[in-house]
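Notes for the structure review
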Amino acid sequence: MPFDLPALVRSRMGENYSLHQKYLNRTLVRVQQVIGFDKVYARAKGAYLYDREGNEYLDFLSGFGVFSIGRNHPVPQKAIRDVLEMDLPNMVQMDSALLSGLLAEALVKRFAAQGASQLDAVFLCNSGTEAVEGAIKFARAGTGRTRLLSLGNSFHGLSMGSLSLTGNPFFHDGFAPFLPGCQTVPLGDLAALEQELRKGDVAALVIEPVQGKGVQFPKDDYFVQAQALCRRYGTLLVCDEVQSGLGRTGKWFAFEHWGLEPDIVTLAKALSAGYVPCGAFATRRSIYQKVFSRLDRCIVHSSTFGRNNLACVCGLAALSVLEEEGLVENAARMGERLEQGLLALQKKHEIVKEVRVKGLMMAVEFAEPRSLGLKMAWKTVHALDPGLFPQLVVSQLMAKHRILSQVAANNADVIKTLPPLIVGTKEIDAFLDALDSVLSDLRKFPGPLWDMGTNFVKAMRNGTEQPVSA
């Protein structure tokens, strides 16, 4: 019997969580059940998801930044259909394919248009962590040095090289030892940075211009001064733009906010157009050629699927949509509206400590309130679990308002959103109203929202070996 995908999906829809429970990550399934994210989505379009009953959910996660141009955008859809119908040769390997060349050209032109003409050579791969792994190798080959610096609280990926650079210890537990020569320095501490650079053996300083975990970024010229120190001591500057790049922060690349001139930039997520995994990193030609320095080293760094036709047409389509629909500019406008709305909520709700926004990359950090009732509730929840409070907010945004958001950092009172860049005032205002409602509900202590925290803890302590209904 021939393979019939629509029939298969129709007949098995609703088994999602039981299948994952049995064959994939059952711990993740249990978490999704506990926090109320165990929905069965049947359709997606633009900034919205729809479950089997037709309920609409506002997607302010956008696949951790993958769906910058929205879900199921027609331009990459058509590009995928077109390339499949053309019957082009794909991944011949010992050839130089047209589509990968066109995507590399488009990226180099975009970097040049944004004032980064030094980034004139591209390597195509499959994911953000793979792009970071490549950047590590290119930095070492380009400088002849071995040490690598990154910033505290950073996140660069979960394969071993990128994990070694990741400055968040939560992700390290159980996976040591890490890549030798990797070290973190505190964000904002120029003296600590120079102390390490002065040793003369640091190949690269790897930064996220806007950190994905918590949306942290310097409010001063730290990055500018850090770049100057790198130049002084012969160290490369690598900007990890896997999440912050391609319009996310209201500029094509987040390094533009500080006028930086990086030696290597990593990209992924939005480059996929939400269809086929696509990653890349761009660097100076002089660095590139130190990797591929002889004819017998022409494939010394390679990626089997990195230049495949489907990924490349998705990358080309994503770049086209971002430009043609003015989504980078829209991200800047909507980000300003979002920030102003959040600052107004900060004045209204004492529990809001700080608002951090760059374009459509947003975090809200909470702190212990002053009023007695709320203070008691805060202390009670934190005694149960130090990372529980932001999950209450995220879960209530989902349960009451059908809005997807996320906890931004481990054991920190921060929530985060990454709306698709296509959002308008309707979506921004809906989120602001929903957050206002959830924060207002927090004032009711004791009350249902605070009770939810106790139920969360009980459910999580019951373990992960729970039966999962379809």
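For clarity, every value in this text was computed on a predicted model and none was experimentally measured. (Residues numbered from 1 in each chain as written. Predicted model: local features only at pLDDT ≥ 70, side-chain atom pairs only at ≥ 80, totals over all residues. Heavy atoms only, no water.)

1. Some thoughts on the sheet that holds strand β13 (residues 403-404)
Here is the rule: A pair of strands is labelled paired if DSSP reports no fewer than 2 bridges between them. The numbering of helices and of strands both runs from the N terminus, where a helix is a DSSP run of H or I of at least 4 residues and a strand a run of E of at least 2.
Strands sit in the order β1-β2-β3-β13 across an open sheet of four strands; the sheet is mixed. Edge strands, defined here as strands with exactly one partner in the open sheet, are β1 (41-45) and β13. Where strand β2 (residues 48-51) meets strand β3 (residues 56-59), three bridges bridge the pair, whose relative direction is antiparallel. Counted as the bridge partner of Y48 is L58 from β3.

2. Observations concerning the environment of L158
For clarity, the cut-off: Each residue is assigned to one of three classes by its accessible area relative to the maximum for its type, calculated with a 1.4 Å probe on protein chains only: buried under 20%, partly exposed between the two thresholds, exposed over 50%. Residue contacts follow a heavy-atom distance rule, with two residues in contact if any of their heavy atoms lie within 4.5 Å.
Examined against the element boundaries, L158 turns out to sit in the loop between β5 (147-151) and α8 (160-165). We classify L158 as exposed; its relative accessible area is 52%. Along the backbone, L158 and H172 are 14 residues apart, and their C-alpha atoms lie at a distance of 9.1 Å. Setting aside residues up to four positions removed in sequence, L158 forms contacts with T129, L163 and F171.

3. Some details on helix α7 (residues 128-143)
For the record, the criterion: For a helix, the expected span equals 1.5 Å multiplied by the number of residues minus one. Between N or O atoms, a polar contact is any pair within 3.5 Å; within protein, one atom must be a potential hydrogen donor and the other a potential acceptor, and residues adjacent in sequence are included only when both atoms are from side chains.
An ideal rise of 1.5 Å per residue puts 22 Å on 16 residues; α7 measures up with 22 Å between its terminal C-alpha atoms. Within the span of α7, buried status applies to G128, A131, V132, G134, A135, I136, F138, A139 and G142. One side-chain oxygen of the residue at the start of α7 lies 3.2 Å from the amide nitrogen of E130, identifying that residue as S127. Looking one or two places after α7, you find G144, whose phi comes out positive at around 75 degrees.

4. Side note on the side chain of S164
Structurally, the position occupied by S164 is in helix α8. Within the structure, S164 has its side chain in polar contact with the backbone oxygen of M160 (distance 2.6 Å). Beyond its immediate chain neighbours, meaning those up to four positions away, S164 contacts F178, L179 and C182.

5. Details of the pairing of β3
What sits between the antiparallel neighbours β2 and β3 is a turn of four residues, in which G54 has the positive phi angle 90 degrees. Strand direction decides the pairing type here: β3 and β13, joined by two bridges, are parallel. Each bridged residue has a counterpart across the sheet, and for L58 the counterpart in β13 is I403.

6. A word on the packing of aromatic side chains
The geometry of an aromatic ring pair is captured by two quantities: the separation of the ring centres and the angle between the planes. Where we set the bar: The rule is short: rings of Phe, Tyr and Trp, with Trp giving its six-membered ring, pair when the centres are within 6.5 Å, and they are stacked under 30 degrees, edge-to-face over 60, tilted in between. A positively charged side chain is recorded as over a ring if its NZ (Lys) or CZ (Arg) lies within 6 Å of the ring centre. The angle to the ring normal must also be within 35 degrees.
Evaluated as defined, the whole model comprises 16 aromatic pairs. The interplanar angle of 50 degrees and the centroid separation of 5.7 Å between the aromatic rings of Y222 and F223 together place this pair among those described as tilted. F223 sits in the buried class, given a relative accessible area of 2%. Within the aromatic cluster, the residues linked to one another by ring pairs are F123, F138, F281, Y288 and F292. In this structure, K219 is placed above the aromatic ring of F217, and the distance from its NZ or CZ to the ring centre is 4.7 Å.

7. Notes on the pattern of salt bridges
Applied cut-off: Salt bridge, as used here, is a side-chain nitrogen of Lys or Arg placed within 4 Å of a carboxyl oxygen of Asp or Glu.
Scanning all chains against the criterion turns up 22 salt bridges. For E323, the salt bridge identified is with R110, shortest N-O distance 3.1 Å. Taken together, the positions of E323 in helix α12 (residues 309-324) and R110 in helix α6 (residues 98-113) put the pair 213 residues apart, joining distant regions of the chain. Residue E323 is classed as partly exposed on the basis of its relative accessible area of 48%. Classification of R110 by relative accessible area gives buried; the value is 14%. Salt-bridge contacts for E354 lead to K219; the nearest nitrogen and oxygen are separated by 3.9 Å. Placement of the pair is E354 in strand β11 (residues 352-358) and K219 in the loop between β7 (202-207) and α10 (222-233), with a sequence separation of 135 residues.

8. A few points about the nonpolar core
The line we're drawing: For our purposes a nonpolar core is just a set of buried Ala, Val, Leu, Ile, Met, Phe, Trp, Tyr and Cys residues, chained together by side-chain atoms within 4.5 Å.
Judged by nonpolar contacts, the single largest core of 115 residues is most densely connected at L342, F366 and F431. Among the elements that take part in this core, α12 stands out by supplying nine residues, more than any other. Setting aside anything within four residues of it in sequence, one finds F431 in contact with F60, L338, L342, M362, L397, I403 and T417. The next biggest cluster of nonpolar side chains, apart from the first, holds 22 residues, and it includes A121, V206, F281 and Y288.

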